[in-house]
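One letter stands for each residue in the lines below.
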Amino acid sequence: MEQELTRAVPYVVRTSGIDGHGLFATAAIRAGERLTEYIGEKISKSESIERCKAGNNYVFHLNDEFDLDGDVEGNIARFINHSCAPNAEAEVSGGERIWIVALRDINPGEEITFNYGYDLDDYRDHPCRCGTDRCVGYILAEEYWVHVPQTG
Ligand SMILES: [Zn+2]
């Protein structure tokens, strides 16, 4: 018997104050714990560009050759919202698989978030509503925050 499959996952999909649906912890999660795999369809870079142009926001960088389109049924990680002060991150393992990993201990009831890591292209089209003290107002990888005009 596969024991891992019988263990209940420590989160649930609920309506979120940030946007649409979100993933919420239902049990204590420890820093470093792998929460779920970000699963999807492996696609070429040219296919990826087409899908992103068409407004698909679930495409992830996988390696130099391929990206992963997470807009598939069964990818529970696609419900995770972006935050400027996330408690989890997306980790590419061996250029082949993507895991959502807790950055710190997460308490039951907390919404699970990660930084989507968007670049500066059309960043104004992706406002952030994470509501944290660190919010820069847009969904952006932290390395680009210095390029965003300060509003506060
Ligand atoms: Zn934010």
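One can find the structure itself at the top, above this paragraph.
Note that residues are indexed from 1 along each chain, following the sequence as it is written. The model is predicted, so local features are restricted to residues of pLDDT at least 70 and side-chain atom pairs to those at 80 or more, both for listing and for counting; the totals for chains, interfaces and linings are taken over all residues. In computing side-chain values, all of the structure's heavy atoms are included and hydrogens and water are not.

J.: What is the right way to read the state of the cysteines from this model?
T.: Each disulfide consists of a covalent bond between the sulfur atoms of two cysteine residues. The definition used for a disulfide is geometric: two cysteine sulfur atoms within 2.5 Å. Counted according to the given criterion, the structure contains zero disulfides. Summary of cysteine pairing: Cys 52 is not part of a disulfide, and the nearest cysteine sulfur, belonging to Cys 128, is at 19 Å. By relative accessible area, Cys 52 is classed as partly exposed at 39%. In this structure Cys 128 comes out as buried when scored by relative accessible area, which is 10%. Think of it in three bands: with a 1.4 Å probe and only protein chains considered, a residue is buried below 20% of the maximum accessible area for its type, exposed above 50%, and partly exposed in between.

J.: So what exactly am I meant to see when it comes to the nonpolar core here?
T.: Among soluble globular proteins, nonpolar side chains are generally buried collectively. Side-chain atoms within 4.5 Å are what join buried Ala, Val, Leu, Ile, Met, Phe, Trp, Tyr and Cys residues into a set we call a nonpolar core. Ile 29, Leu 35, Tyr 38, Ile 80, Ile 100 and Ile 112 are the most contacted members of the largest nonpolar core, which totals 18 residues. Note on conventions: DSSP H or I runs of at least 4 residues are helices, E runs of at least 2 residues are strands, and numbering of each starts at the N terminus. Secondary structure elements with two or more residues in this core: β2 (21–25), β9 (97–102) and β10 (111–114). Broken down by element, this core gets its largest block of residues, three residues, from β9. Whether two residues are in contact is decided by their heavy atoms: any pair within 4.5 Å suffices. With near-sequence residues (within four places) excluded, Leu 35 lies in contact with Tyr 11, Ile 29, Ala 88, Ile 100, Ala 102 and Ile 112.

J.: Looking at this model, I keep getting lost on the sheet that holds strand β7 (residues 81–82). Mind explaining?
T.: Note: strands within a sheet are paired through backbone hydrogen bonds, in either parallel or antiparallel orientation. Strands were regarded as paired on the criterion that DSSP finds at least two bridges between them. With respect to topology, four strands assemble into an open sheet ordered β1-β2-β10-β7, the strand pairing being mixed. Taken across any chain shown, the strands that pair with only one partner, and hence form the sheet edges, are β1 (11–15) and β7.

J.: Sorry if this is basic, but what is going on with the pattern of salt bridges here?
T.: A side chain of one charge can pair with a side chain of the opposite charge when the charged atoms of the two come close. Basic side-chain nitrogens of Lys or Arg form a salt bridge, by our definition, when they fall within 4 Å of a carboxyl oxygen of Asp or Glu. Considering all chains together, one arrives at ten salt bridges under this definition. Close ionic contact of Asp 19 with Arg 129 constitutes a salt bridge, the shortest N to O distance being 3.7 Å. Here Asp 19 is found in the loop between β1 and β2, whereas its partner Arg 129 is found in the segment after β10, with 110 residues between them in sequence. Note that Glu 142 is salt-bridged to Arg 134, the shortest N-O span being 2.8 Å.

J.: Explanation requested: the packing of aromatic side chains in the structure shown.
T.: Two numbers describe a pair of aromatic rings. These are the distance of the centres and the angle of the planes. We call Phe, Tyr and Trp rings a pair once their centres come within 6.5 Å, taking the six-membered ring for Trp, and we label the pair stacked below 30 degrees between planes, edge-to-face above 60, and tilted otherwise. In total, this model carries five aromatic pairs according to the counting rule given. Ring geometry for Tyr 116 and Tyr 118: centres 5.7 Å apart, planes at 50°, overall tilted. Classification of Tyr 116 by relative accessible area gives partly exposed; the value is 23%. The class for Tyr 118 is buried, based on a relative accessible area of 18%. Clustering of aromatic rings is evident, with ring pairs tying together Tyr 38, Phe 60, Phe 114, Tyr 116 and Tyr 118.

J.: Can you help me understand a negative patch on the surface in this one?
T.: Negative charge collects at one region of the surface, where Asp 119, Asp 121, Asp 122, Asp 125 and Glu 143 lie side by side. Structurally, the position occupied by Glu 143 is in the segment after β10. Patch criteria: residues need more than 30% relative accessible area and no salt bridge. Like-charged residues are merged within 9 Å; nonpolar side chains of Val, Leu, Ile, Met, Phe, Trp and Tyr are merged within 5 Å. Here the Shrake-Rupley method, with its probe set to 1.4 Å, supplies the accessible areas, and only the displayed protein chains count as covering residues. Within this scheme the basic residues Lys and Arg register as positive and the acidic residues Asp and Glu register as negative, but His and the chain ends are omitted. To locate a charge, take atom NZ for lysine, CZ for arginine, CG for aspartate or CD for glutamate.

J.: Where do I start with the coordination of the zinc ion in this structure?
T.: Only Cys 84 (SG), Cys 128 (SG), Cys 130 (SG) and Cys 135 (SG) from the protein coordinate the zinc ion, and they sit 2.3 to 2.4 Å from it. A 2.8 Å cut-off from the metal defines N, O and S donors, relaxed to 3.2 Å for Na, K and Ca; water is not in the atom list, so some sites may appear incomplete. For a four-donor site, all angles between 85 and 135 degrees give tetrahedral; for four or six donors, opposite pairs above 155 degrees with the remaining angles between 65 and 115 give square planar or octahedral; all remaining cases count as irregular. Each of the four donor atoms around the zinc ion contributes to a set of angles spanning 104 to 115°, which defines the coordination as tetrahedral. Mapping the donors of the zinc ion onto the primary sequence yields the spacing C-x43-C-x1-C-x4-C. In this pair, Cys 84 is assigned in the loop between β7 and β8 (88–93) and Cys 130 in the segment after β10, connecting sequence segments 46 residues apart. Each member of the pair, Cys 84 as well as Cys 130, is classed as buried.

Honestly, that's just the spatial picture; any functional story needs more than this.
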